[in-house]
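Each chain, letter by letter, is given below.
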Amino acid sequence: MTDTTTTRTYSKDATAQDVSESERDESQRADEEEQVCPECGGDLVQDDEHGETVCRECGLVVEDTVVDRGPEWRAFDAAERDSKSRVGAPTTKMMHDKGLSTNIGWQNKDAYGKSLSPRQREQMQRLRTWNERFRTRDSKERNLKQALGEIDRMASALGLPENVRETASVIYRRALNDDLLPGRSIEGVATAALYASARMVGTPRSLDELEKVSRVDKMELTRTYRYIVRELKLEIKPADPEQYVPRFASELGLSDEAERQARQLLRGAKDTGVHSGKSPVGLAAAAVYAAALLTNEKVTQSQVSEVADISEVTIRNRYKELLEVQDGNALA
């Protein structure tokens, strides 16, 4: 009796498994058939304007009732689009509450655009004050708000893109959650997070540039940066001198030919190992100056020094080494 029951149970499981596999195969075949034209086997394209799915080859209309997932209204400029939109901004790591809280507008007007009375203005100001207090109720949120404000301020001063700010915010949040801040200043950890994110994203800035816009000195910045990278196990590659070239060339007004020549000089230095142990910023500045000389563009060492924040002595020493490497490669 026991054997018979076991055999029946196994048969039911096997049958159910076969049915599920057959259903999966049928759904896959149906999906494949939907992606090709039933008449000629051509590719199907979606016409969002008319809500149709048509064949690219023969023009057969396969489906004429496609759901339009876009808005039902039209907008001709950014202001009109913002006024008609019924959804909020996407969540972001650059705000301490990820942009999910409610803000009370600073305009003293009601929903119809009419000005508020003095009594209503006073009431709205009290509401703004209490709303701001409730948004940062504990010390962790106040810490995060101050740090993210510092990151945004420094990134704006350095001209860093939004993806660098987002990455820096994530790094700081990780440091805060792992209790890496005791004994260190908020500004120091925020600056270290911004410096690390700029290198990770591929738009690095030098320590001297960070020191100018930060409220901490260079020694504290380097010490905090090493600590954050070690504790969070961040994989940051050594800075590539070529990443500095486009910014230096743009600020000096050099041509594309000069920028290409600077990249070529740096690649030659990498192949021969001349770049080892030298500052990437100094090599990039020297390469830009040498490329300007080779392309007969008027750029002085003092101009390059001011843009790259590197001494003229460093530029003179490095650009001679780069030209020697190029001459050696040409002779070889």
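Residues numbered from 1 in each chain as written. Predicted model: local features only at pLDDT ≥ 70, side-chain atom pairs only at ≥ 80, totals over all residues. Heavy atoms only, no water.

Caption draft 1: View of the overall build of the protein. In terms of regular secondary structure, the protein is built from 13 helices and 3 strands. Taken over 332 residues, the protein has a buried fraction of 33%. Sequence separation of 24 or more characterises 59% of the internal contacts of the protein that already satisfy a separation of 6 or more. On the protein, roughly 21700 Å² of surface is accessible, and the fraction owed to carbon and sulfur atoms is 48%. (Helix = DSSP H or I, 4+ residues; strand = E, 2+ residues; numbered from the N terminus. Buried < 20%, exposed > 50% of the residue type's maximum accessible area, 1.4 Å probe, protein only. Contact = heavy atoms within 4.5 Å. Areas by Shrake-Rupley, 256 points an atom, 1.4 Å probe, with all protein chains shown as cover.)

Caption draft 2: Spotlight on the packing of aromatic side chains. According to the stated counting rule, one finds 3 aromatic pairs in the structure shown. An angle of 25 degrees between the planes, with centres 6.1 Å apart, marks the rings of Y244 and F248 as stacked. Comparing Y244 with F248 shows no difference in burial state: the two are buried. Between Y289 and Y319, the aromatic rings sit 5.0 Å apart at their centres with planes inclined by 90 degrees, giving edge-to-face as the arrangement. With Y289 in helix α11 (residues 280-294) and Y319 in helix α13 (residues 312-331), this residue pair connects regions lying 30 residues apart in the sequence. You'll find Y289 and Y319 in the same group, each marked buried. (Phe/Tyr/Trp six-rings, centres within 6.5 Å; stacked < 30°, edge-to-face > 60°.)

Caption draft 3: Local environment of the pattern of salt bridges. Using the criterion set out here, one finds 16 salt bridges in the structure. What emerges from the salt-bridge pattern is a single network uniting D240, E242, E259, R263, R267 and K270. (Salt bridge = Lys/Arg side-chain N within 4 Å of Asp/Glu carboxyl O.)

Caption draft 4: Structural context of the nonpolar core. Membership of the largest hydrophobic core comes to 36 residues, with the highest contact counts inside it found for Y172, L194, I228 and L234. Among the elements of the structure, α4 (139-158), α5 (162-177), α6 (186-201), α7 (207-213) and α8 (218-232) are those that each provide at least two residues to this core. Residues contacting I228, with those up to four places away along its chain left out, are I171, A175, L180, V189, K233 and L234. Counting residues in hydrophobic clusters, the runner-up holds 33 residues, among them L252, L265, A292 and V304. (Core = buried A, V, L, I, M, F, W, Y, C linked by side-chain atoms within 4.5 Å.)

Caption draft 5: Summary view of helix α10 (residues 256-272). Given a rise of 1.5 Å per residue, 17 residues ought to cover 24 Å, and the 25 Å separating the end C-alpha atoms of α10 matches this to within 8%. Of all the residues in α10, the buried ones are A258, E259, Q261, A262, L265, L266, G268 and A269. Just beyond α10, the residue with positive phi is G273, at close to 80 degrees. (Expected span 1.5 Å × (residues − 1).)

Caption draft 6: Structural view of the packing of α4 against α6. At a minimum axis separation of 9 Å, α4 and α6 run at an interaxial angle of 50 degrees. Here α4 is positioned oblique relative to α6, judged by the angle of their axes. Once α4 is placed against α6, the crossing between them reads as right-handed. On α6, the residues touching N143, Q146, A147, E150, I151, M154, A155 and L158 of α4 are I186, E187, A190, T191 and L194. The class makeup of the residues in the contact of α4 with α6 is 8 nonpolar, 3 polar and 2 charged. (Axes fitted to C-alpha atoms, helices over the stretch in contact; angles between N-to-C directions. Parallel < 35°, antiparallel > 145°, perpendicular 65-115°, else oblique. Left-handed = near helix turned anticlockwise from the far one by under 90°. Nonpolar A, V, L, I, M, F, W, Y, C, P; charged D, E, K, R; others polar.)

Caption draft 7: Spotlight on the sheet that holds strand β2 (residues 52-55). Reading across the sheet, the 3 strands line up as β1-β2-β3 and stay open at both edges, with antiparallel pairing between neighbours. This sheet does not close on itself; its edge strands, each paired only once, are β1 (44-47) and β3 (61-63). When strand polarity is set aside, the average angle formed by the axes of neighbouring strands in this sheet is 35 degrees. Two strands pair when backbone bridges link them, and β2 and β3 are joined in this way by 2 bridges, in the antiparallel orientation. (Pairing = 2+ DSSP bridges.)

Caption draft 8: Quick peek at the pairing of β1. Both β1 and β2 contribute to a ladder of 4 bridges, which runs antiparallel. Of the residues in β2, the one forming a bridge with Q46 is T53. With antiparallel pairing between neighbouring strands as the criterion, β1 and β2 make up a hairpin whose turn holds 4 residues, including G51 at a positive phi of roughly 70 degrees.

Caption draft 9: Representation of unusual backbone geometry in the model. Residue K233 is not a glycine yet carries a positive backbone phi of 55 degrees. Looking at the secondary structure, you find K233 in the loop between α8 and α9 (245-252). Exposure remark for K233: the relative accessible area of 69% places this residue in the exposed category. In the Ramachandran plot, D309 falls in the positive-phi region, its phi being about 60 degrees despite a non-glycine side chain. Along the chain, D309 falls in the loop between α12 (301-308) and α13. Residue D309 is classed as partly exposed on the basis of its relative accessible area of 26%.

Caption draft 10: Representation of the layout of surface pockets. Roughly 270 Å³ of volume is contained in the largest pocket. Forming the boundary of the largest pocket are 19 residues, of which A239, Y244, S279, P280 and V281 lie nearest the centre. Put simply, the parts of the chain that give the lining of the largest pocket at least two residues each are α6, α7 and α11. Looking at the lining of the largest pocket element by element, the count peaks at 3 residues for α11. Considering only residue class, the lining of the largest pocket consists of 10 nonpolar, 4 polar and 5 charged. Taken as a whole, the second largest pocket spans an internal volume of roughly 170 Å³. (1 Å grid on protein atoms, 1.4 Å probe; cavity = no way out; pocket = protein on both sides within 12 Å on 5 of 7 lines; lining within 4 Å. Points joined across faces, edges and corners; volume = space filled by probe spheres on them.)

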